[in-house]
Amino acid sequence: MKVLVINSGSSSLKYQFIDIEKNEAVAKGICERIGMQGSKITYAPIGKDKIVKEAPIPNHTAGIRLVLDALEDKEFGVIKSLKEIDAVGHRVVHGGEKFASSVLITDEVIDVIESLTDLAPLHNPANLTGIRAFKELMPDVPMVGVFDTAFHQTMPKEAYLYALPYSAYTDLMIRRYGFHGTSHYYVSRRAAELLGKPIEQTKIVTCHLGNGSSIAAVDGGKSIDTSMGFTPLEGVPMGTRCGDIDPAIVTYLMEKLNLDVAGVTEYMNKKSGVFGISGISSDFRDLADAEHTDERAALALKVFAYKVKKYIGAYACAMGGLDAIVFTAGVGENDRRVRELVLEGLEFLNVEADFELNMTCPRGATVDLAKPSSKVRVFVIPTDEEMVIAKDTARIVKEMQNAK
Ligand code: ADP
């Protein structure tokens, strides 16, 4: 079975075409600047040079048309006919409390995703645009929705409830949802394999550190807590997002800086995080370059790592034990300095990291950074959210076909 995985944003559309039996991607790429000047498509058949083509892409349907054309192109395509696309898997950011697992996309499912727009006003409408465009272009191909929030639906009430009036939860759907679920799911399974234990017998803290970052406590394979909350703004500081702050700061900022709701939202989402502290960049590579010459760049890294460390401690406590810490995503997989700062001083938790290996291990590889004597393993595991989406899609489509 071959599955096309789609991650549709407001002005971009990432895609990956995956061969399920071979367990590998065949081609991938992105349409950028959809609906704007200077739109382009990047198409990369795996193992060959990528092709970048500037072309007008007025909307998502036009972008998908270009993706399909590239996939079946006579010269550099990977399929002879679109009939070889057996299913489409869509990443959907918010499934609210409605979706605790992936689902076959029907008209009713589309309505429910739409009804959750209030919870993810930037993401869900963009995801739906991709779903609707496919429905129009390939109406007979089954589609599956895979939700970023679904994996965290196992959190107990004490972890997901905020201490607001209970009606905030019952009437306004305000609770912790958590995000990056497919990534936390994937790396916790890989970690259990590396530990050589059934997932049910493991206690793992997964640190998805990228442009957006979240930490999860995965106990017995289930998410029991995670740092992102009602929105992806909560938790550790991020590239430009503030993460946890005293909620009273919000109204104070509005008053002192004369900001309206949109203004303060932008302040916390776009101007804060490591960018806000350093004043230099949201990109951790730039901060690493400036660490020894710029005090605030060094401080941004320290604040970030300190907060990650605090979550690891909190989650070890929440689970009553710890077998492994996992680092994943752009920063977790690549930023040795951040990992070093996070891992320093965790010996009391039985975490003995090999700091030399941390500095020398190859990027993009799966590595165990713990010393042989360490009771807790420390894994770097490259995440693969697309593969999770593709496999879930294939499983659900096969179940549907068998039921017929
Ligand atoms: P997202 O999917 O949330 O956009 P990624 O997981 O792709 O983010 O991570 C992007 C981040 O990874 C960038 O902000 C960049 O700082 C960081 N990153 C990528 N490569 C490196 C590297 N070699 N060293 C340090 N940081 C890196």
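Above this text sits the structure in question.
First, a word on scope: everything that follows refers to the structure included in this document.

Procedures and definitions
- Residues numbered from 1 in each chain as written.
- Predicted model: local features only at pLDDT ≥ 70, side-chain atom pairs only at ≥ 80, totals over all residues.
- Heavy atoms only, no water.
- Helix = DSSP H or I, 4+ residues; strand = E, 2+ residues; numbered from the N terminus.
- Rg over C-alpha atoms; globule rule 2.2 N^0.38 Å.
- Buried < 20%, exposed > 50% of the residue type's maximum accessible area, 1.4 Å probe, protein only.
- Contact = heavy atoms within 4.5 Å.
- Areas by Shrake-Rupley, 256 points an atom, 1.4 Å probe, with all protein chains shown as cover.
- Near = heavy atom within 4 Å.
- Polar contact = N/O pair within 3.5 Å; in protein donor to acceptor, adjacent residues only side chain to side chain.
- Pairing = 2+ DSSP bridges.
- Axes fitted to C-alpha atoms, helices over the stretch in contact; angles between N-to-C directions.
- Parallel < 35°, antiparallel > 145°, perpendicular 65-115°, else oblique.
- Left-handed = near helix turned anticlockwise from the far one by under 90°.
- Phe/Tyr/Trp six-rings, centres within 6.5 Å; stacked < 30°, edge-to-face > 60°.
- Salt bridge = Lys/Arg side-chain N within 4 Å of Asp/Glu carboxyl O.
- 1 Å grid on protein atoms, 1.4 Å probe; cavity = no way out; pocket = protein on both sides within 12 Å on 5 of 7 lines; lining within 4 Å.
- Points joined across faces, edges and corners; volume = space filled by probe spheres on them.
- Nonpolar A, V, L, I, M, F, W, Y, C, P; charged D, E, K, R; others polar.

Within the protein chain, the regular secondary structure consists of 15 helices and 14 strands. Relative to a compact globule of 404 residues, whose C-alpha radius of gyration would be 22 Å, the protein chain shows 22 Å and is just as compact. By its C-alpha atoms, the protein chain is 60 × 55 × 45 Å across when sized along the principal axes. Looking at the 404 residues of the protein chain, the share that counts as buried comes to 50%. Across the protein chain, the fraction of contacts at a sequence separation of at least 24, relative to all contacts at a separation of at least 6, is 59%. Accessible surface, the protein chain: about 18,900 Å² in total, of which carbon and sulfur atoms supply 52%.

To continue, consider the site of the ligand. Looking at the ligand, there are 13 residues lining it, with Asn 211, Gly 212, Asp 283, Phe 284 and Gly 330 nearest. In this structure, Phe 284 approaches the ligand through a main-chain N or O atom, which is 2.6 Å from an oxygen atom. One of the backbone N or O atoms of Val 331 is found 3.4 Å from an oxygen atom in the ligand. Here the ligand loses 69% of its free accessible area of 570 Å² to cover by the protein chains.

Attention now moves to the sheet that holds strand β9 (residues 203-209). With mixed pairing, six strands are arranged side by side in an open sheet as β11-β10-β9-β12-β14-β13. With partners counted over all chains shown, the strands left at the sheet margins are β11 (222-226) and β13 (367-368), one partner each. Bridge analysis of β13 against strand β14 (residues 377-380) gives two bridges, and the strand direction is antiparallel. Across the sheet, Val 367 pairs through a bridge with Val 380, a residue of β14. Packing of helix α6 (residues 181-195) onto the sheet brings it into contact with β9, β10 (213-219), β11, β12 (324-328) and β14, and relative to β9 it is tilted by some 135°.

Right, let's talk about the packing of helix α7 (residues 248-256) against helix α8 (residues 261-270) for a bit. Contact geometry for α7 and α8: axes closest at 10 Å, N-to-C directions at 120°. Relative to α8, the element α7 is oriented oblique. Our pair here, α7 against α8, has a crossing hand that is right-handed. Contacts between α7 and α8 pair Val 250, Leu 253 and Met 254 from the former with Val 261, Val 264, Tyr 267 and Met 268 from the latter.

Attention shifts here to the sheet that holds strand β5 (residues 51-54). In spatial order, the strands read β5-β4-β3-β2-β1-β6-β8-β7; together these eight strands make up an open sheet with mixed pairing. What marks the edges here is a single partner per strand, and that holds for β5 and β7 (103-104). Note that strand β2 (residues 13-19) and strand β3 (residues 24-32) share seven bridges and pair antiparallel. Opposite Asp 19, over in β3, you have Glu 24 as the bridge partner. On top of the sheet, helix α3 (residues 123-137) reaches β1 (2-8), β6 (87-92) and β8 (143-147); it is set at about 165° to β6, its chief contact.

Quick look at the packing of aromatic side chains now. Summed over the entire model, instances satisfying the criterion amount to eight aromatic pairs. Aromatic pair Tyr 43 and Phe 76: ring centres 5.7 Å apart, planes at 50°, arrangement tilted. With Tyr 43 in strand β4 (residues 40-45) and Phe 76 in the loop between α1 (60-71) and β6, the pair connects residues that are 33 residues apart, well separated along the chain. Measuring from centroid to centroid gives 5.8 Å for Phe 151 and Tyr 185, while their planes differ by 80°, and the two rings are edge-to-face. Linking Phe 151 in the loop between β8 and α4 (157-160) with Tyr 185 in helix α6, this pair joins segments that are 34 residues apart in sequence.

Bringing the pattern of salt bridges into the picture now. Tallied over the entire structure, the rule returns 19 salt bridges. Notably, a salt bridge pairs Glu 234 with Arg 176, separated by 3.1 Å at the nearest N-O pair. Note that Glu 234 is positioned in the loop between β11 and α7 and Arg 176 in the loop between α5 (166-172) and α6, a separation of 58 residues in sequence. Where Glu 340 meets Arg 337, a salt bridge forms, and the shortest distance between an N and an O atom there is 2.7 Å. With a gap of three residues between them, Glu 340 and Arg 337 both fall in helix α13 (residues 336-343), about one helical turn apart. Through salt bridges with shared partners, a single ionic network connects Arg 176, Asp 225 and Glu 234.

Taken as a whole, the second largest pocket spans an internal volume of roughly 510 Å³. Counting residues per element, the ones that place at least two in the lining of the second largest pocket are α10 (284-290), α12 (329-334) and α13. A class-by-class count of the residues in the lining of the second largest pocket yields four nonpolar, five polar and eight charged.

Time to look at the pairing of β6. The buried fraction of β6 amounts to five of the six residues, a majority that puts the element mostly inside the structure. Summarising the sheet, β1 and β6 pair through four bridges and their orientation is parallel. Residue pairing across strands places Val 5 opposite Gly 89, the latter belonging to β6. Sheet analysis places β6 next to β8, joined by five bridges and oriented parallel. Residue Val 88 lies in a different strand from β8, and its bridge partner there is Met 143.

Glancing now at unusual backbone geometry. Non-glycine residue Asn 23 carries a positive phi angle of around 60°. Position of Asn 23 relative to the elements: it lies in the loop between β2 and β3. Backbone geometry at Arg 33 places phi at a positive 55°, although glycine is not the residue there. Mapped onto the elements of the fold, Arg 33 is located in the loop between β3 and β4.

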